[in-house]
Amino acid sequence: MKTSLDRHSGGSLLLQSTRTKRRNAAETRFKLYGIAAIAISLLMLMVLLTTIISKGLGAYQQTFITLQVELLEKKLDKKGNRNLTDIKKVSTFGYAPLIKASITDTVEELGVVTGLKAKQMAGILSKGAAAQLRDYVIANPGRIGDTVQFRFLASSRVDGYLKGRVSRSSIENDKNITPEQLDLVDSLIDAGLIEKTFNIDFIVGADASDQRPEAAGMGVSILGSLSMVLVVLALALPIGVGASIYLEEFAPKNWVTDVIEVNISNLAAVPSIVFGILGLAVFINYMHLPMSAPLVGGLVLTLMTLPTIIISTRAALSAVPPSIRDAALGVGASPMQTVFHHVLPLAAPGILTGTIIGLAQALGETAPLLLIGMVGFVASNAPDSIASGLLSPNSAMPAQIYEWAKRADPAFYERAWGGIILLLLFLVSMNLVAVILRRRFERRW
Amino acid sequence: MPTFWLVACLFLMSAAGFVLGRYRAVLSAGGEVRKLHSLPSYYGYNVALSTLLPALAALALWSILQPLVIDARVSGKISTDLNSDNTSAELMMSDVQRVSEGLNIAVARNEMTNEEIRVMDADAVDLRGRLADLGIALGSEVRPEILTAARQHRDMTHSGRLMMTIVVVLLAIVGFARSYGLTDKDFRARNVVERCVFALLALAASLAILTTVGIVFSMLFETISFFGLHSWKDFFLGTTWAPNFRGDSELSILPLLWGTIYISLIALLVAVPIGLYAAIYLSEYASSSTRSFAKPLLEILAGIPTIVYGLFALLTVGPMLVRIFGRGTEGLLGLTWMTGATSVLTAGLVMGIMLIPFVSSLSDDIINAVPQSMRDASLGLGATKSETVRQVVIPAALPGIVGAVLLAASRAIGETMIVVMGAGAIAKFSTNPLESMTTITTRIVSQLTGDTDFASPETLVAFALGLSLFVLTLGLNILALAIVRTYREQYD
């Protein structure tokens, strides 16, 4: 009589039957699927991060062209009396010939042979070069008549050429630059007049118009984002903590409390764009708050992040053991005193962690900002006071990135990726602070 | 910013109230604190709160109601004066508001004086030109009756603000005087203050309800006026989305809904298998060191803002797909199936990547909630690990996993930035994943950005779309949470 074991293994415990082999193979395959799933997700993360870094780092370097410009008196100050109002009457068009003259002289001095006209030579400079010259002259009218050394931004195509983004074959259909201009750029590089340096203007500067991708920066939109995050912090933290204390410590068990709780968990899952519609309808159309203002953005993001903050604050409050409350009540503290003097301080690290994560979420959110008008214009000046920082139109970091991604000139894409690096740096540091807070202060009971 | 100063003034008064109230309480007990009913600072808080809260509440209420009252009175006057119907009065009202706003800005910048405005004659002065110089664009020339109404609007706003300031300050003073008078060593200050704080806490908690009510009503009113201008049959049952400015737009939600569902489906096809297998591996197979390394990395994917995924779709994944499926002989496969970078597949793939950590962390929780005894029993009977997972753990966790997938679906449907940048703008019914299609969220963004006229169905349709989106995601969420909750209770 054969046992079932014999039937499967052919009589030996040391040999695997075909069925066992099949089951083990299935086991290995199943495990491999799991490993593959993890590997794919991590690979995607790596691809995403390397794409961001490889495409965005270029924005932190910028090409500059050094030129000697003679500030001709007869062009800039015909009357010769250094009167500022007269000097200001010369528009940027009046400065363009100076730049043309300067670059022709430089090319002649270097002995470079080129068939380019002066206008084409000046085309390797940014369109903002004349404005830069004019600003300098208005600030230093005393230098009129001298020859001054300037560092001009190179045009975005020249910048791309130095960064390897633009090559002679890629510009065949490009009206903004010709191969001859690139030859000139090559000889200027050999002469040491064109160089790439760290681009602080990308971090502190303002957005620039469609024509000048090389001058666009994130600075003003960073200020916009910061003022929004401040509004969120000032409103969402007290309201969120108050709501959590009520629900966790005082709320009677009745249907009203149930409705509030269900409401909060549902609000956490409402698409962010719906909050944008709410902001547009209530804050802008009904309350007539200014369009595109960081205050409105902050209000919308407050409503959006409140559920997140309430959920994490409630978790932090309920993690404080009941013995603390019992002890406080036992020595005669009122329920309110128990919460504010004992429970809340012990829950503070958890609350702060949750709040920081909520703020990070608010900082990265874009969709509601599109609806309240924080895209579509060039935020060119930094706000000059707190009130104007909150009320005058501004952009925000993600909205600025979206704006650049929409523009036609591919030179803006580098800016968009660079902006993402900056945005992610902010988010990473906020999350790091949250992690450190949790590690450092959170108590296990 | 007079409101700012008013609020600052209130806070200053309340701070002074704190100091005075505390001082008076201590004085009433003759300096002996233990004779007081409550701790001295409670007397201070009592005075401070009764100075601040009624005044602040009045300020908030007045600022919300005043524009309503004034608008109603001015527009009522316009429609009786001109004998016109309601809609044109509404249109004129927005002109009136713009003119009065413009005049305010002009005065604030010292370009005009109040005196000048009072005697201004709309026919004689080029008000439109002057306001345009200040950056306020008006749709048409300012007619005399609009100027009159705007003048009236300004006067009423002005006197309203003055009255508000007086009322608010009076309330603060009365509140201060009353609570200061009550301050005495036998006064139960702590009870009063705690009741007040309790009310504030309850108010904060009910803000959540207020937000929901705000969301629903803000969209409901605009949706109702949309259905007044456009037939609801076309919106729910039509087949074409073609807004134009000639007044015969076809605005149907169905093609948009199809695009939304198609993209979400592709996203779920990517996210659910990968996320589920990742969760199974992490909870059943991985060593604790692998888990502590892989889990945070997966969570990074969840923390990346959607604008980053949008840019990734637009600039990396889209062009990559075009290189594979398009460009004819220059492409990798020699195909010409795909022309532009935006497509259903682009948006779906990237959204799938975004949803992987969402699915995996939810499934992870659910798989971990299956009791260990069930696994032990299965393993003890001789099943392999994978057989245990497939035949015991997954069936036990299935309702929870279904809930997780529904939550992911609701996320996908409401996602905006990825589809705005990756999906395209063409509304159509098509099953080709390489064509660009559009979604509900994309159309909301495009109808509500740029120049919008809140009296046209082309703009108002966005609110109807928003309400549909809200109802759709809310339904999915409630269903998913109900499933997850019933399941969780099963093993608790």
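Chains are numbered independently. Their residues run from 1 in the order of the written sequence. Chains and ligands are labelled by the order in which they are written, letters from A for the one and numbers from 1 for the other. In keeping with the predicted nature of the model, local features appear solely for residues at pLDDT of at least 70, side-chain atom pairs appear and are counted solely at 80 or more, and the whole-chain, interface and lining totals rest on all residues.

Looking at an unreviewed UniProt entry, one finds chain B named Phosphate transport system permease protein and attributed to Parasedimentitalea huanghaiensis. UniProt positions are given in the numbering used here, feature names are shortened, and annotations may be inferred rather than shown by experiment. As recorded by UniProt, the Sequence similarities (unreviewed entry) comment attached to chain B reads in full: "Belongs to the binding-protein-dependent transport system permease family. CysTW subfamily." Regarding chain B, the relevant UniProt record gives this comment under Function (unreviewed entry): "Part of the binding-protein-dependent transport system for phosphate; probably responsible for the translocation of the substrate across the membrane."

Chain A appears in an unreviewed UniProt entry as Phosphate transport system permease protein PstA from Parasedimentitalea huanghaiensis. Its UniProt record gives chain A the following Sequence similarities (unreviewed entry) comment, quoted word for word: "Belongs to the binding-protein-dependent transport system permease family. CysTW subfamily."

Enquirer: Summarise the overall build of chain B; cite the residues concerned and give the values.
Expert: Helix numbers and strand numbers start at the N terminus; a helix is a DSSP run of H or I with at least 4 residues, a strand a run of E with at least 2. Secondary structure summary: chain B contains 17 helices and two strands in total. Radius of gyration here uses only the C-alpha atoms, and the compact-globule reference equals 2.2 Å multiplied by the residue count raised to the power 0.38. For 492 residues, the compact-globule estimate of 2.2 N^0.38 gives 23 Å, and chain B exceeds it by more than 25% at 32 Å. C-alpha atoms of chain B, sized along the principal axes, occupy 85 × 75 × 40 Å. Within chain B, the proportion of its 492 residues that are buried is 42%. Contact definition: two residues whose C-beta atoms, as placed from backbone geometry, lie within 7 Å. The long-range share in chain B, meaning contacts at least 24 apart out of those at least 6 apart in sequence, stands at 73%. Here the C-beta atoms are placed from the backbone, and a residue counts as buried if at least 20 other C-beta atoms lie within 10 Å of its own, exposed if 12 or fewer do, and partly exposed otherwise.

Enquirer: Let's hear about the nonpolar core: which residues, and what values?
Expert: Judged by nonpolar contacts, the single largest core of 215 residues is most densely connected at Leu311 and Val350 of chain B. It is helix H9 (residues 253-285) of chain B that contributes the most residues to this core, 18 residues altogether. With near-sequence residues (within four places) excluded, leucine 311 of chain B lies in contact with Ile401, Ala405, Ala416 and Ile420 of chain A together with Met421 of chain B. A set of buried Ala, Val, Leu, Ile, Met, Phe, Trp, Tyr and Cys residues, joined through C-beta atoms within 7 Å, is what we mean by a nonpolar core. Membership of the second largest hydrophobic core comes to 22 residues, among which are Met13, Ala25, Tyr45 and Ala189 of chain B.

Enquirer: Quick one: what's the story with unusual backbone geometry, residue by residue and with numbers?
Expert: For serine 292 of chain A, which is not glycine, the phi dihedral falls at a positive 65 degrees. One can find serine 292 of chain A in the loop between helix H13 (272-286) and helix H14 (294-318).

Enquirer: Please provide a residue-by-residue account of the domain arrangement of chain B, values included.
Expert: Domain parsing of chain B yields domain 1 (2-187) and domain 2 (241-491). Start and end points for every domain follow an automatic or database-based domain assignment. Relative to domain 2 of chain B, the C-alpha centre of domain 1 of chain B lies at a distance of 47 Å.

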